[in-house]
Every structure is written in C-alpha cells, then in structure tokens.
Amino acid sequence: MGDREQRADGIGGGAPRPDTGVLEALQVYRAAEAAMRRRTGAAMGMGDNDLLALRLILDNTATGRLTAAKDLSRYLGISSASTTALIDRLESGGFVERRRSMTDGRSITLLPTRAALGETGPLLAEANAQLAAASAELSPDEAETVTRFLTRMRETVDRIASDRARSRPERRRSQGDY
C-alpha cells in the first residue's frame, strides 16, 4: 500500500478514497496561499483581513464597481464595528479614502488612494502574474476541470457557512445591549 493510501486509510478508516489526494493538495495550497498573504501583509504593515479588504476594494475599482462598508462586512464575515475599525486602519495607513455614497447619503464608498494603487499594485501584480503563469500551463480541458472543481468547492463552502449561520441559536441580549 502506498504512502498516500496508508494516510487516507487512517483518516476515516475503511478503504482509501480517490479524492483524498485532491483534498490534501487543496489544503496544502490553501495553507501556502494564506502564508503568502500573511507575508505580503507583513511587508505592507497590514493584517490578513486588512489585506483581503484592500484586495476587494482594488478588484472592485478595477472592474468599475464601488465598494461600501457593508460589502466588506459581508465579504469578511465581520461585524459593522469591526468593519469600521478595519476601514479606520486602512484610511490611517493611507490605503483608502472614504467618500459619501452618491446614491445613499448614509453610506460611504471606499476608494483606493494613489498610494495604495502605487504600493500594492506592483506587489500584488507580481504575485498575480506568477499565478497566471502557473495556470497558463494547463491545457484548456484541464483548466475547465479545475475551474469546475474549484467552483463546486466554493459553492460547498458557501453553503456550509450559510447552513451554520441559519442553524446558529439566536443570541440572547444582555443588559449592555439595551
């Protein structure tokens, strides 16, 4: 029995599953990607959520979409208080500007600063270029299979998260909530 088969057999007992290698490779990739994000954030003096938020703002700006605070809250799964603190950090670091929403005066729109575009652009562009080069090595059929698989994995993760959120017991109010 091969090394992977032995490990797969030990995970849940029974016969080894053919998908164990794929799931293991995905977990290893996710860990490597998270480590890269932490290193990138450290180089920029930012935490993981700060970097993810800035990436969303930059991506939205590049495609002509606006980013509101509620978009960050939803994307990161954090409270509005945590989102405000995150935006304060991004603003004080010179990465974003707050602007009043043109459509809703109660809302703000977040825009990357020139500094953010200048500092983060090349750093993130280099990483994206290397990732694009690696994916360009796939044949069209391989790319389609990988894309389909990753889409299914994302949908599964999203479904698990929303199922957990729906089944979570309602939070009891404490005296400080009134």
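Source: prediction; values computed, not measured.

Asker: I would appreciate a short explanation of the layout of surface pockets in the present structure.
Answerer: In this approach the atoms are scanned with a rolling probe the size of a water molecule, which exposes any empty space left behind. Size it by volume and the largest pocket reaches roughly 1800 Å³. In this structure, the largest pocket is lined by 37 residues; those nearest its centre are Leu-26, Tyr-29, Arg-30, Glu-33 and Leu-150. Among the elements of the structure, α2 (20-44), α3 (48-62), α6 (114-136) and α7 (140-167) are those that each provide at least two residues to the lining of the largest pocket. Here the residues of the lining of the largest pocket are counted per class, giving 23 nonpolar, 6 polar and 8 charged.

Asker: What should I look at first to understand the pattern of salt bridges in this one?
Answerer: Between side chains of opposite charge, a pair can form as their charged atoms come close. One pass over the structure, following the stated rule, counts 10 salt bridges. When the shortest N-O distance is used, the salt bridge between Glu-91 and Arg-98 registers 2.4 Å. Taking relative accessible area as the criterion, Glu-91 reaches 35% and is therefore assigned partly exposed. For the salt bridge of Arg-148 with Glu-144, the shortest nitrogen-to-oxygen distance reads 3.3 Å. Placement of the pair is Arg-148 and Glu-144 together in helix α7, with a separation of 4 residues, close to one helical turn. We classify Arg-148 as partly exposed; its relative accessible area is 39%.

Asker: Looking at this structure, I do not really get the nonpolar core. What am I missing?
Answerer: One recurring pattern in soluble globular proteins: nonpolar side chains tend to sit buried together. Ranked by internal contacts, the top residues of the largest apolar core, which has 20 residues, are Met-46, Leu-54, Leu-72, Leu-90 and Phe-95. For this core, the elements supplying multiple residues, two or more each, are α3, α4 (69-76), α5 (80-92), β3 (108-112) and α6. No other element matches the 7 residues that α3 contributes to this core. If we skip the residues at most four places from it in the chain, Leu-90 touches Met-46, Asp-50, Ala-53, Leu-54, Ile-57, Phe-95 and Val-96.

Rules behind the numbers
- Each chain has its residues counted from 1, following the order in which its sequence is written.
- Only residues with pLDDT of 70 or above have their local features reported here, since the model is predicted, and side-chain atom pairs are shown and tallied only from 80 upward, although totals for entire chains, interfaces and linings are computed over all residues.
- Note: side-chain values were computed over all heavy atoms of the structure, leaving out hydrogens and water.
- For cavity detection a 1 Å grid was placed over the protein atoms alone, and a set of points counts as a cavity when a 1.4 Å probe fits there but cannot get out; an open set counts as a pocket when protein lies on both sides within 12 Å along at least five of seven lines, with lining residues being those that have an atom within 4 Å of a point.
- Grid points are joined across faces, edges and corners, and a volume is the space filled by probe spheres set on the points.
- Under the DSSP-based scheme used, a helix requires at least four consecutive residues in state H or I and a strand at least two consecutive residues in state E, with every element numbered from the N terminus.
- Nonpolar residues are Ala, Val, Leu, Ile, Met, Phe, Trp, Tyr, Cys and Pro. Charged residues are Asp, Glu, Lys and Arg, and all others, Gly as well, are polar.
- Here, a salt bridge means any side-chain nitrogen of Lys or Arg that lies within 4 Å of a carboxyl oxygen of Asp or Glu.
- The cut-offs for exposure are 20% and 50% of the maximum accessible area for each residue type, with area from a 1.4 Å probe on protein chains only; residues under the lower value are buried, those over the upper are exposed, and the others partly exposed.
- Here, the term nonpolar core denotes a set of buried Ala, Val, Leu, Ile, Met, Phe, Trp, Tyr and Cys residues that are joined through side-chain atoms within 4.5 Å.
- Contacts: residue pairs with any heavy atoms within 4.5 Å of one another.

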